[in-house]
Structures are given as C-alpha cells and as structure tokens.
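Structural characterization, general
Next come the chains, spelled out residue by residue.
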Amino acid sequence: MRLSGNENAAFALLAREVFALDTEIQWFALEAAGREPCCARRDTETGRVLAAATAPDAELIDPLVLMLTEGRDGLYAREENRNPRGLLFVVLAYTDFVEIVARFGRYDYAGLAVSRHADAYTLGKKLTELLDRKTQEACSLVHADANVSTR
C-alpha cells in the first residue's frame, strides 16, 4: 500500500533527523507493516538527502532477523514477553558498508547504512534513542486525541 501525502511528509522529516545524526549515513529506510518501504539516501557528490522511490542498493533486512535476535520468546510467546533482554539494534557488516537496524514502535523497523569505518555502536544508540522518542511522541498525540472532548 502506498503512503499518503501526510505519511510521506512525516517520513521526510524523520529522514532529515536520521541523516543529521551522522554524516557517514549513506541511506535510511523505514519498513512499516503493510506499507511499501520508505527510503532516502545521501547524494555522495552534494551531501543532500534525496527521497527514493525504491529501496536502497542493499536488500532491506527481513523483520524475522529482529524477531530471532530478540529471542525465541518473540516467536512463540505472547507479545509482552518479546525481547526479554532488551535488544537495542542489530548490526550487519557487509563487504562495503554496515547496516544498523532497529525497531520503530511495535511492528515497524528502520535501517540505515554507514561506511565500515563508522562507529556503529554509537550510531545505533543514537538511532534507537531517536526512534524511541518519535514513538513516545506519537503515543502522546494518540492519547491527547483520545482525551479531547467531542461535545
């Protein structure tokens, strides 16, 4: 399913914040359940962030990888038992880049690519902190909307 105009605008804002984390970020992708992946990349010549209609050159990570790394409980137990050890992010090292993948909310996940020489741990922590903050903001908005009187 394609994204609405508001969803595209929200992704563009999030992508700008992600790329602001580090100049080493080459591309950023967001996989939302039931939606096509949203992708953005940094132009190597100008440094500008460009929205991309297609996925980056690398294949996006399968969400099953996150479920497996979170522990068997994520596959076989109730939702509240998922991720008992508090997995923050997954780092996949390829020949020419490193991919960092983290959950974004309950069902979605985000990934970004950096050069092999980047500090993947520090960047992974920054990414998860940003995604956690965005998730909290979204939850706050939903709760605020629920509390608005409809009289």
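Presented here is a report on the structure given in the accompanying data block. (Residues numbered from 1 in each chain as written. Predicted model: local features only at pLDDT ≥ 70, side-chain atom pairs only at ≥ 80, totals over all residues. Heavy atoms only, no water.)

Regarding the pattern of salt bridges
- Under the defined criterion, the tally for this structure stands at four salt bridges.
- With a closest N to O distance of 3.7 Å, E137 and R133 form a salt bridge. Here E137 pairs with R133, and both are found in helix α4 (residues 120-146), just four residues apart, close to one helical turn.
- Across the salt bridge formed by E137 and K134, the nearest N and O atoms sit 3.6 Å from each other. Of this pair, E137 and K134 are both found in helix α4, three residues apart, which corresponds to roughly one turn of the helix.
- When salt bridges that share partners are traced, they join E17, R133, K134 and E137 into one network. (Salt bridge = Lys/Arg side-chain N within 4 Å of Asp/Glu carboxyl O. Helix = DSSP H or I, 4+ residues; strand = E, 2+ residues; numbered from the N terminus.)

Some remarks on the packing of aromatic side chains
- The final tally for this structure, using the stated rule, is four aromatic pairs.
- For the pair F11 and F28, a centre-to-centre distance of 5.6 Å together with 5 degrees between the ring planes defines the contact as stacked. Here F28 lies in strand β1 (residues 25-31) and F11 lies in helix α1 (residues 5-19), a separation of 17 residues in the sequence. No difference in accessibility class separates F11 from F28, as the two residues are buried.
- Taken together through their ring pairs, the aromatic side chains of W27, Y94 and F97 make up a single cluster. (Phe/Tyr/Trp six-rings, centres within 6.5 Å; stacked < 30°, edge-to-face > 60°. Buried < 20%, exposed > 50% of the residue type's maximum accessible area, 1.4 Å probe, protein only.)

What to know about α1
- Its 15 residues give α1 an end-to-end C-alpha distance of 21 Å, which sits within 8% of 21 Å, the value for a rise of 1.5 Å per residue.
- Burial in α1 covers these residues: F11, L14, A15, V18 and F19. Mapping the buried residues of α1 onto a view down its axis gives an arc of 130 degrees, with all of them on the same face. Looking at α1, the residues exposed on the side facing more than 90 degrees away from the buried face are G5, N6 and R16. (Expected span 1.5 Å × (residues − 1). Arc of directions from axis to C-beta.)

Examining the side chain of S115
- Tracing the sequence through the fold places S115 in the loop between β6 (108-114) and α4.
- A polar contact of 2.6 Å, which involves the side chain of S115, links it to the side chain of E24.
- Among residues more than four places away in sequence, those in contact with S115 are E24, Q26 and V98. (Polar contact = N/O pair within 3.5 Å; in protein donor to acceptor, adjacent residues only side chain to side chain. Contact = heavy atoms within 4.5 Å.)

A closer look at the pairing of strand β5 (residues 98-104)
- For β5, the tally of buried residues reaches seven of seven residues, placing the bulk of the element in the interior.
- Burial along β5 is two-sided: the face carrying V98, I100, A102 and F104 and the face carrying E99, V101 and R103 are both buried.
- Taken together, the four bridges between strand β4 (residues 90-93) and β5 define a ladder with antiparallel strand orientation. Bridging across to β5, V90 finds its partner in V101.
- Hairpin remark: β4 followed by β5, antiparallel, with four residues in the connecting loop.
- Here β5 runs beside β6; their pairing, made up of seven bridges, is antiparallel. Each bridged residue has a counterpart across the sheet, and for V98 the counterpart in β6 is V114.
- Linkage of β5 to β6, two consecutive antiparallel strands, is achieved through a turn of three residues, within which G105 is found at a positive phi near 80 degrees. (Pairing = 2+ DSSP bridges.)

That's the geometry; what it means functionally is another story.
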